[in-house]
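Coordinates in review
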Amino acid sequence: MMQKKNITKTDEIYLRPGTVIVGKWNGNKYIIKRKIGAGMIGTVYLCQVNNQFVALKISKQAMSLTSEVNVLKSLNKVQDKRLGPFLLDVDDYEAKDGEKYSFYVMEYIRGTSLESFVRQNGYEWIGVFLIQILEQLEELHQAGWVFGDLKNDNLLVSSNPPQVHFIDVGGTTKIGRSIKEYSEFYDRAYWYLGSREAEPSYDLFALVMVVLTIFYPKQFKRTKHARQQIYQKIIAVKELTPFRPIFMKAIDGKYDRAKEMKEELIQRLMKRKKGYDTSENKKTHYIIEALIITCISSIYFILSYFIG
């Protein structure tokens, strides 16, 4: 069972649908519609404001929430990379019973979980989403951060075109520091395969585990031979055949940058597609096009391959 570091029941803030949150300083009013999720630091609610939907995270832990706000501000500076939801408001709230809270408001991204999307639309999408995530991780790492709590719950796929988004920055940690929030199954230290120091390879290990949860939704418990155990789980899934050597290198921490893992992944995927008659499989053709669109900024040679 996945567990979060130091999580307690008191971290969750209970608000009934219809509750109106009024910001103490900015005066904005948010109508609670339903709970989206809860974590170590507060609870996220879907809210309505001026006929629009937003996501509001509320907590009693003002300092921790401020840290998350600073992360969002940093990520929002890279406007064209979509490294996280856009920050819309930051304020305090005092309830009728006198309880005081801090909250921030983000854009609400409609979509489905990565795991659900892949199961519904086909395993061919794994390569596309891996490249999207690796591109975002590279930008995040270059900005000086590690995502930390990378897992399926913190990834959302929007449509038209399908695009993966990071939706919770609660575990995002400055490179060089100790990971502040993690989930055991995705944590390399739990598997005795590395430390909890915030570095790019920490996220890359977790990314492999994200993919494995698509095929092992109940996850699996650690044994004494953790590395071989994960290797065997990868090998047992035929759909992961093209990713095996890359995943094993990521498990062993052999990539220093997400860019390195992405480039090797692209090379293997393109090599696998050579000679394939896309006219016989429209679905695969569409996914290949999505792959090209995803990678156009960094792999211009793919375009010359398909056009030429």
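Here goes a summary of the coordinates provided. (Residues numbered from 1 in each chain as written. Predicted model: local features only at pLDDT ≥ 70, side-chain atom pairs only at ≥ 80, totals over all residues. Heavy atoms only, no water.)

Structural notes on the packing of helix α2 (residues 114-121) against helix α4 (residues 200-215)
- It is the contact of α2 with α4, at a shortest axis distance of 9 Å, that shows an interaxial angle of 50°. Here α4 runs oblique to α2, going by the angle between their axes. The crossing of α2 and α4 is right-handed. Only V210, T213 and I214 of α4 make contact with α2, whose side of the interface consists of L114, E115, V118 and R119.
- Taken together, the residues that form the contact of α2 with α4 break down as four nonpolar, one polar and two charged. (Axes fitted to C-alpha atoms, helices over the stretch in contact; angles between N-to-C directions. Helix = DSSP H or I, 4+ residues; strand = E, 2+ residues; numbered from the N terminus. Parallel < 35°, antiparallel > 145°, perpendicular 65-115°, else oblique. Left-handed = near helix turned anticlockwise from the far one by under 90°. Contact = heavy atoms within 4.5 Å. Nonpolar A, V, L, I, M, F, W, Y, C, P; charged D, E, K, R; others polar.)

Remarks on the packing of α2 against helix α3 (residues 125-142)
- Their axes nearest at 10 Å, the elements α2 and α3 cross at an angle of 150°. With respect to α3, the element α2 is oriented roughly antiparallel. Touching L114, F117, V118 and N121 of α2 are W125, I126, F129 and I133, all from α3.
- Considering only residue class, the contact of α2 with α3 consists of seven nonpolar, one polar and no charged.

Re the pairing of strand β6 (residues 100-107)
- Burial within β6 is extensive, with seven of its eight residues counted as buried.
- As paired strands, strand β4 (residues 52-59) and β6 are joined by six bridges and run antiparallel to one another. Paired with S59 across the bridge in β6 is S102.
- Of the strand pairs in this sheet, strand β5 (residues 87-94) and β6 are connected by seven bridges, and their pairing is antiparallel. From the neighbouring strand, E94 faces β6, where its bridge partner is K100.
- With antiparallel pairing between neighbouring strands as the criterion, β5 and β6 make up a hairpin whose turn holds five residues, including G98 at a positive phi of roughly 95°. (Buried < 20%, exposed > 50% of the residue type's maximum accessible area, 1.4 Å probe, protein only. Pairing = 2+ DSSP bridges.)

Remarks on α3
- Taking 1.5 Å of rise per residue, 18 residues should cover 26 Å, and α3 covers 26 Å from first to last C-alpha, within 8% of that figure.
- In terms of residue burial, α3 counts as a mostly covered element, since 16 of its 18 residues are buried.
- Phi for G144, located one or two positions after α3, is positive at around 100°. (Expected span 1.5 Å × (residues − 1).)

Topic: empty space enclosed by the protein
- Inspection of the entire model under this criterion finds two cavities of 30 Å³ or more.
- Considered as a void within the structure, the largest cavity measures approximately 50 Å³ in volume.
- Contributions of two or more residues to the lining of the largest cavity are made by α2, α3 and α4.
- In terms of residue count, the dominant contributor to the lining of the largest cavity is α3 (four residues).
- For the lining of the largest cavity, a count of residues per class yields nine nonpolar, no polar and no charged. (1 Å grid on protein atoms, 1.4 Å probe; cavity = no way out; pocket = protein on both sides within 12 Å on 5 of 7 lines; lining within 4 Å. Points joined across faces, edges and corners; volume = space filled by probe spheres on them.)

Some thoughts on helix α6 (residues 244-251)
- For α6, the complete set of buried residues consists of I246, F247, M248, A250 and I251.
- Positive phi appears at G253, one or two residues downstream of α6, with a value of about 70°.

A word on the nonpolar core
- W191, M209, I230 and M261 are the most contacted members of the largest nonpolar core, which has 69 residues in total.
- Per element, the largest residue contribution to this core is 11 residues, and it comes from α4.
- The contact partners of W191, leaving out residues within four places of it in the chain, are E184, F185, F205, M209, F220, K221, R222, A226, Q229 and I230.
- If you look at the next biggest cluster of nonpolar residues, it comprises 16 residues, including V49, L56, F103 and V105. (Core = buried A, V, L, I, M, F, W, Y, C linked by side-chain atoms within 4.5 Å.)

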